[in-house]
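Spelled out, the chains give:
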Amino acid sequence: NAGVTQTPKFRILKIGQSMTLQCTQDMNHNYMYWYRQDPGMGLKLIYYSVGAGITDKGEVPNGYNVSRSTTEDFPLRLELAAPSQTSVYFCASIDSSQHNEQFFGPGTRLTVL
Amino acid sequence: EDQVTQSPEALRLQEGESSSLNCSYTVSGLRGLFWYRQDPGKGPEFLFTLYSAGEEKEKERLKATLTKKESFLHITAPKPEDSATYLCAVQGPGAQKLVFGQGTRLTINP
């Protein structure tokens, strides 16, 4: 199993540009999550999904959108990028049968200039 | 609102010098408390889940304990490879969402 994979690893955007961060998991997990992590801070939940076709807002959803058309994929869309969205983005999925352990991807480092 | 506060923000120890990291939490109905390790430039890696006060879990030099208000991550005779940021998170009732603390950055000097 590859686990949770994220692309790209790094990206620089100009203010106002848009992009999609890709996340794929091959563990057949129903629950998937997007977090952002600012320097020296913990993770803040952006959006999450409890299964294909079902998504919900987390703590900091403004400026982002998600979709979940398959169990495996959970892309995060940034529309009209702003400097405040400069951060490291982590995707995660849960194995609810194993102590709710969250498996994290390697992250995408995004800079908005 | 669920809250998690970790202390200290940073901790520097000598190799072999044991210590503890603290995670204080406020949650309406704890379903689980989680500890993660995060190395620079990588995603968090799961360490432990604790479910009820009095529970303890161990893994190598790490032991996690839980009370009704806080959790401790005890590190015994640490080695330089234990250097990392340690994150604590809680899960409340309802959906499977975690609230994270800001982490403790641990450095073990040889």
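A short tour of the structure in this document, coming up. (Residues numbered from 1 in each chain as written. Chains lettered and ligands numbered in written order. Predicted model: local features only at pLDDT ≥ 70, side-chain atom pairs only at ≥ 80, totals over all residues. Heavy atoms only, no water.)

1. Points about the overall build of chain B
Rules: Secondary structure elements follow DSSP: runs of H or I no shorter than four residues count as helices, runs of E no shorter than two count as strands, and numbering proceeds from the N terminus. Values of the radius of gyration come from C-alpha atoms, whereas the globule rule sets the reference at 2.2 Å times the count of residues to the power 0.38. Exposure is judged per residue with a 1.4 Å probe applied to protein chains only, and the accessible area is read against the type maximum: over 50% gives exposed, under 20% gives buried, and values in between give partly exposed.
Across its full length, chain B carries zero helices and eleven strands. Across chain B, helices and strands are ordered from the amino to the carboxyl terminus as β-β-β-β-β-β-β-β-β-β-β. Taking 110 residues into account, the globule formula puts the C-alpha radius of gyration at 13 Å, and chain B, at 13 Å, falls close to it. Principal-axis analysis of the C-alpha atoms places the extent of chain B at approximately 45 × 30 × 20 Å. Burial status across chain B gives 45% buried among its 110 residues.

2. Looking at the pairing of strand β4 (residues 31–37) of chain A
All names here are of chain A. So the rule is basically this: For two strands to count as paired, DSSP must find a minimum of two bridges between them.
Counting buried positions along β4 gives six out of seven residues, so the element sits mostly inside the fold. Note that β4 and strand β9 (residues 87–95) share seven bridges and pair antiparallel. Bridge pairing in β9 places Y35 opposite F90. Here β4 folds back onto strand β5 (residues 43–51) in antiparallel fashion, the turn holding five residues, of which G40 has a positive phi close to 70 degrees.

3. A word on the side chain of S93 of chain A
All names here are of chain A. In plain terms, the rule: N or O atoms within 3.5 Å of each other form a polar contact, as long as, within protein, one can give a hydrogen and the other can take it, and as long as residues adjacent in sequence are counted only when both atoms are side-chain atoms. Any two residues whose heavy atoms approach within 4.5 Å at even a single point are treated as in contact.
Mapped onto the elements of the fold, S93 is located in strand β9. Within the local environment of S93, its side chain forms a polar contact with the side chain of H29, the two groups lying 2.7 Å apart. Beyond its immediate stretch of four places on either side in the chain, S93 contacts V4, Q25, M27, H29, Y31, M32, Y33, E101, Q102 and F103.

4. What about the interface of chain A and chain B?
Accessible area lost on assembly of the parts is the figure often given for the size of an interface. Stated formally: The term buried area means the drop in 1.4 Å probe accessible area that two parts suffer when joined, counted for both and summed. Here a salt bridge means any side-chain nitrogen of Lys or Arg lying within 4 Å of a carboxyl oxygen belonging to Asp or Glu. Each residue gets one label: Ala, Val, Leu, Ile, Met, Phe, Trp, Tyr, Cys and Pro are nonpolar, Asp, Glu, Lys and Arg are charged, and the others, such as Gly, are polar.
With 20 residues of chain A at the contact, the number on the chain B side is 19 residues. Together, the buried faces of chain A and chain B total about 1,600 Å²; carbon and sulfur atoms form 55% of this surface. On inspection of chain A and its partner chain B, the count reaches zero salt bridges. For the pair chain A and chain B, the interface holds two residue pairs in polar contact (both at pLDDT 80 or more). Of all elements in the fold, only β4, β5, β9 and β10 (101–104) of chain A reach the threshold of two or more residues within the side of chain A that touches chain B. Tallied by class, residues from the side of chain A that touches chain B come to eleven nonpolar, eight polar and one charged.

5. A word on the state of the cysteines
What makes a disulfide is a covalent bond joining the sulfur atoms belonging to two cysteines. Worth spelling out the cut-off: Any two cysteine sulfur atoms lying within 2.5 Å of each other are counted as a disulfide.
Scanning all chains against the criterion turns up two disulfides over all chains. Across the disulfide, C23 of chain A is cross-linked to C91 of chain A (sulfur-sulfur distance 1.8 Å). In this structure, the disulfide formed by C23 of chain A and C91 of chain A twists by about -70 degrees around the S-S bond and is classed as left-handed. One end of the pair, C23 of chain A, is in strand β3 (residues 19–25); the other, C91 of chain A, is in strand β9, and 68 residues separate them in sequence. For the pair C23 of chain A and C91 of chain A, one class covers both residues: buried. Note that C23 of chain B is cross-linked by a disulfide to C88 of chain B, the S-S spacing being 1.9 Å. On the sign convention where negative means left-handed, the S-S torsion of about -60 degrees between C23 of chain B and C88 of chain B marks this disulfide as left-handed. Within this pair, whereas C23 of chain B is found in strand β3 (residues 19–26), its partner C88 of chain B is found in strand β9 (residues 84–91), the two being separated by 65 residues in sequence. Residue C23 of chain B is classed as buried on the basis of its relative accessible area of 0%.

All we've got here are geometric facts, nothing functional implied.
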